[in-house]
Amino acid sequence: MEKLIINGGKRLTGTVKISGAKNAVLPVIAATLLGQDKETCLEEVPNLDDVNTISEVLRTLGVKVSHDKEEGKLYVDATSIENITAPYDLVRKMRASFLIMGPLLARLGEAKISLPGGCAIGTRPIDLHLKGFEALGAQISIGHGYIEAKAPNGLKGSRIYLDFPSVGATENILMAAAMAEGQSIIENPAQEPEIVDLANYLNIMGAKIRGAGTNVIKVEGAKKLIAHDYTIIPDRIEAGTYMIAAAMTKGDVYIENAISEHIKPVIAKLKEAGVTVIEDIEGIRVTCDRRPKGVDIKTLPYPGFPTDMQAQFMAMLTISEGTSVVTETVFENRFMHVDELRRMGAKIKIDGRTSVVHGVDTLTGCQVKATDLRAGAAIVLAGLVAEGETQIGYIHHIDRGYDNLVEKLVALGADIKRVDQ
Ligand code: UD1
């Protein structure tokens with residue numbers, strides 16, 4: 001098993017280039033299933049385990065997928081789809097595999113996907129996805145660990161209200177509605193930049209979607225979508241993680257490719273903490289010459305503070321001046337990083353969905369583990385400033401979502417390496 005070893009205390013300086021967004025590329029790869037007639041080339045595809053997993057899911061459907069990792073290009077040929085089943089082994093690895101249900105239903109009128117099962121950051125149900133498919137006329141049945149959806153006569157446009165603006169449900173329903181007959185209206189959808197990216201991609205293939213990024217999305221179903229090349233947006237969560245790395249190490253880092261519009265709440269909170277953030281058209285520069293101040297954060301659906309930045313921001317708060325309150329409202333049980341940060345000397349108390357962080361002068365390196373993707377990022381950040389050596393296990397969680405993390409941090413001056421145990 002591989003580990004990360006970090007010797008803390010190095011100031012990060014220089015430029016880091018942000019890769020394509022994990023949470024944009026996964027739904028876009030699922031949406032390639034809707035594209036007919038020719039091969040698709042996706043550009044700015046990050047080299048992540050989650051991309052490998054969804055590629056594997058497509059291959060089990062008989063779709064041809066090849067990934068040029070050097071060039072960041074992924075080629076998908078979905079001109080013919082031979083199978084409609086996604087097996088447990090793949091869905092268990094990555095819940096986002098469920099995103100193929102919408103496109104399969106829309107294109108073939110049928111899909112069978114293993115139930116995703118439990119997950120480290122809460123129960124994460126899929127009821128909203130299924131409610132949307134049912135509203136579009138699909139029949140859903142559950143048995144033997146699989147969910148089957150059928151619409152033998154095709155999907156019919158409908159009005160769908162989401163009780164919560166779920167990102168995955170919005171994406172799945174959007175892909176299904178793109179080829180349903182007639183008009184669909186999705187009320188209270190997620191408004192994340194990744195939703196807009198998916199809608200842009202579907203529209204390039206011939207879909208008619210308006211309002212993505214607002215609180216109502218209107219879709220006029222198209223009879224056929226034609227495969228088209230596409231470039232993925234930069235990863236706002238990766239950008240936010242490097243912004244915090246710069247702030248925590250009292251560094252000076254230019255985060256090239258970051259779109260500040262996508263990460264406003266993180267910028268606002270960093271500024272409130274006394275960190276200097278300078279935005280320009282090509283990226284964001286973050287500098288900090290003193291200890292950040294404690295601030296309160298509360299996660300919310302976009303455009304609120306992203307839950308995917310909560311753990312990393314908390315890592316910064318552990319060494320900030322004063323007391324901070326962190327409230328998680330999007331997921332239950334998303335404080336798995338707290339125990340690991342405590343092992344490193346952080347002072348954090350949890351009360352339900354709220355954590356109270358008392359900033360300490362220094363963290364100390366020790367053996368810790370990545371309990372999920374963003375929790376893993378948080379302990380890497382803590383390791384960058386901790387006294388002595390931090391050893392991080394279970395790094396496969398981090399490999400799911402950070403492209404070339406070690407290489408990028410080393411280029412900024414960090415002392416971090418990956419070792420085989
Ligand atoms: C996506 C992101 C993930 C991010 C999350 C919230 C991808 C691949 N993953 O996950 O990184 O943390 O958005 O920004 O894009 N819920 C229901 N019923 C449903 C669906 C969701 O109750 O049918 C609940 C979930 O349990 C959770 C909340 O809604 O409490 C948010 O989940 P959702 O927005 O669906 O997240 P994902 O799409 O799984």
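Okay, so let's go over this structure.

Cut-offs applied
- Residues numbered from 1 in each chain as written.
- Predicted model: local features only at pLDDT ≥ 70, side-chain atom pairs only at ≥ 80, totals over all residues.
- Heavy atoms only, no water.
- Near = heavy atom within 4 Å.
- Polar contact = N/O pair within 3.5 Å; in protein donor to acceptor, adjacent residues only side chain to side chain.
- Areas by Shrake-Rupley, 256 points an atom, 1.4 Å probe, with all protein chains shown as cover.
- Helix = DSSP H or I, 4+ residues; strand = E, 2+ residues; numbered from the N terminus.
- Nonpolar A, V, L, I, M, F, W, Y, C, P; charged D, E, K, R; others polar.
- 1 Å grid on protein atoms, 1.4 Å probe; cavity = no way out; pocket = protein on both sides within 12 Å on 5 of 7 lines; lining within 4 Å.
- Points joined across faces, edges and corners; volume = space filled by probe spheres on them.
- Salt bridge = Lys/Arg side-chain N within 4 Å of Asp/Glu carboxyl O.
- Buried < 20%, exposed > 50% of the residue type's maximum accessible area, 1.4 Å probe, protein only.
- Axes fitted to C-alpha atoms, helices over the stretch in contact; angles between N-to-C directions.
- Parallel < 35°, antiparallel > 145°, perpendicular 65-115°, else oblique.
- Left-handed = near helix turned anticlockwise from the far one by under 90°.
- Contact = heavy atoms within 4.5 Å.
- Core = buried A, V, L, I, M, F, W, Y, C linked by side-chain atoms within 4.5 Å.

Overview of the site of the ligand
In the neighbourhood of the ligand, 17 residues make up the surrounding shell, with D127, L128, S166, D308 and V330 lying closest. Contact distances for the ligand include 2.7 Å between an oxygen atom and a backbone N or O atom of L128. Contacts to the ligand include S166, whose side-chain N or O atom sits 2.6 Å from an oxygen atom. Considered on its own, the ligand offers 740 Å² of accessible surface; in the complex 83% of this is hidden by protein. For the shell around the ligand, the secondary-structure elements that each account for two or more residues are α5 (127-135) and α6 (167-177). Across the shell around the ligand, the residue classes break down as eight nonpolar, five polar and four charged.

Side note on empty space enclosed by the protein
According to the stated counting rule, one finds four cavities of 30 Å³ or more in the structure shown. Forming the walls of the largest cavity are T241, Y242, A245, A377, V380, L381, L384, Y402, L405 and L409. Elements with a minimum of two residues in the lining of the largest cavity: α8 (236-248), α12 (373-385) and α14 (405-411). Within the lining of the largest cavity, the residues separate by chemical class into nine nonpolar, one polar and no charged.

Considerations on the pattern of salt bridges
For side chains bearing opposite charge, pairing can occur when the charged atoms are close. Under the definition given, this model contains 21 salt bridges. Between D89 and R92 there is a salt bridge whose closest N-O contact spans 3.9 Å. Of the two residues, D89 and R92 both sit in helix α3 (residues 88-93), three residues apart, roughly one turn of that helix. Of the residues examined, R92 reaches a relative accessible area of 46% and is grouped as partly exposed. Here D361 and R291 are joined by a salt bridge, their closest N and O atoms 3.2 Å apart. In this pair, D361 sits in the loop between β23 (354-358) and β24 (367-369) while R291 sits in the loop between β19 (283-287) and β20 (297-298), placing the two residues 70 residues apart along the sequence.

Considerations on the packing of helix α4 (residues 101-108) against α6
Axis separation between α4 and α6 bottoms out at 7 Å; the angle between their running directions is 15°. Comparing the axis directions of α4 and α6 gives the class roughly parallel. Once α4 is placed against α6, the crossing between them reads as right-handed. Residues M101, G102, P103 and A106 of α4 pack against N172, M175 and A176 of α6. Considered class by class, the residues forming the contact of α4 with α6 number five nonpolar, two polar and no charged.

Description of the nonpolar core
The nonpolar side chains of a soluble globular protein tend to be buried with one another. Membership of the largest hydrophobic core comes to 75 residues, with the highest contact counts inside it found for I100, L174 and L202. It is helix α1 (residues 22-31) that contributes the most residues to this core, seven residues altogether. For L202, the residues in contact, after removing those within four places along its chain, are A31, L34, L174, M175, A207, I209 and L225. A245, C288, V326 and I416 belong to the second largest nonpolar core, which has 70 residues in total.

Here's the deal with helix α10 (residues 310-317)
For α10, the buried fraction is high: eight of the eight residues fall into the buried class. All buried positions along α10 are accounted for by Q310, A311, Q312, F313, M314, A315, M316 and L317.

With respect to the environment of A375
Of note, A375 is situated in helix α12. On the accessibility criterion, A375 (2% relative accessible area) is buried. The spacing of A375 and K156 is 219 residues in sequence and 41 Å in space, taken between C-alpha atoms. If we skip the residues at most four places from it in the chain, A375 touches A311 and H337.

Considering unusual backbone geometry
Here the residue pair Y302 and P303 is connected by a cis peptide bond, since its omega of 10° sits within 30 degrees of zero. Within the secondary structure, P303 is located in the loop between β20 and α10. Positive phi, normally seen in glycine, also occurs at N257, with a value near 90°. With respect to the helices and strands, the residue N257 is situated in the loop between β17 (252-256) and α9 (264-272). With a relative accessible area of 26%, N257 lands in the partly exposed category. In this structure, N333 takes a positive phi of about 55° despite not being glycine. Summarising the element assignment, N333 is placed in the loop between β21 (323-327) and α11 (336-343).

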